[in-house]
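# A closer look at the structure
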Amino acid sequence: LLFTVSLFPFSTSLLSAYILTREARLAVLVYAATALAMAVCFNSLWRYASRNGRLLATDHDPKVAEGISKSYRNGPIMYLIIFALGFVSVAASVGLSLVMLLYFTIPPRKHTMPSK
């Protein structure tokens, strides 16, 4: 996971440098492959840590952990789609990457429990 995180500034810089050139397709593929690798590693780490609550706080809410698992489940699939889309349309691949960035950046709305 840390290796893929360390590659992210390089792939982002590569994409920004070549986005308006003929090499944009290769740059978007490198960026998407890095994001895909990071999503797979992050999901693997989360699944290991959260399985049966093994590395979570003893008082964790299992529903919250399951909600996190559900939100992370689609990441690798979406980044695989973004990677494949890079062969067809650079703009669509970059656009969907931005959507995924927003999806994982904006925290989910928390449902408040009614007071007793």
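Calculation notes
Residues numbered from 1 in each chain as written. Predicted model: local features only at pLDDT ≥ 70, side-chain atom pairs only at ≥ 80, totals over all residues. Heavy atoms only, no water. Salt bridge = Lys/Arg side-chain N within 4 Å of Asp/Glu carboxyl O. Buried < 20%, exposed > 50% of the residue type's maximum accessible area, 1.4 Å probe, protein only. Helix = DSSP H or I, 4+ residues; strand = E, 2+ residues; numbered from the N terminus. Expected span 1.5 Å × (residues − 1). Axes fitted to C-alpha atoms, helices over the stretch in contact; angles between N-to-C directions. Parallel < 35°, antiparallel > 145°, perpendicular 65-115°, else oblique. Left-handed = near helix turned anticlockwise from the far one by under 90°. Contact = heavy atoms within 4.5 Å.

### Overview of the pattern of salt bridges
Applying the stated criterion to the full structure yields two salt bridges. Linking Arg22 and Glu23 is a salt bridge whose minimum nitrogen-to-oxygen distance equals 3.9 Å. The partner of Glu66 in a salt bridge is Arg73, with the nearest N and O atoms 3.6 Å apart. The exposure class assigned to Arg73 is partly exposed, which follows from its relative accessible area of 40%.

### Things to note about helix α2 (residues 24-50)
The terminal C-alpha atoms of α2, which comprises 27 residues, lie 38 Å apart, in line with the 39 Å expected from a rise of 1.5 Å per residue. At the C-terminal side of α2, Asn52 shows a positive phi close to 55°.

### Notes on the packing of helix α3 (residues 62-88) against helix α4 (residues 90-105)
Helices that pack against each other are described as a pair by the angle of their axes relative to one another and the distance between those axes. Where α3 contacts α4, the two axes come as close as 7 Å, and the packing angle between them is 165°. By the criterion of interaxial angle, the relationship of α3 to α4 is roughly antiparallel. The chirality of how α3 crosses α4 is left-handed. Residues Ser71, Tyr72, Gly75, Met78, Tyr79, Ile81, Ile82, Leu85, Gly86 and Val88 of α3 form the contact with α4, whose own contacting residues are Val90, Ala92, Ser93, Leu96, Ser97, Met100, Leu101, Tyr103 and Phe104.

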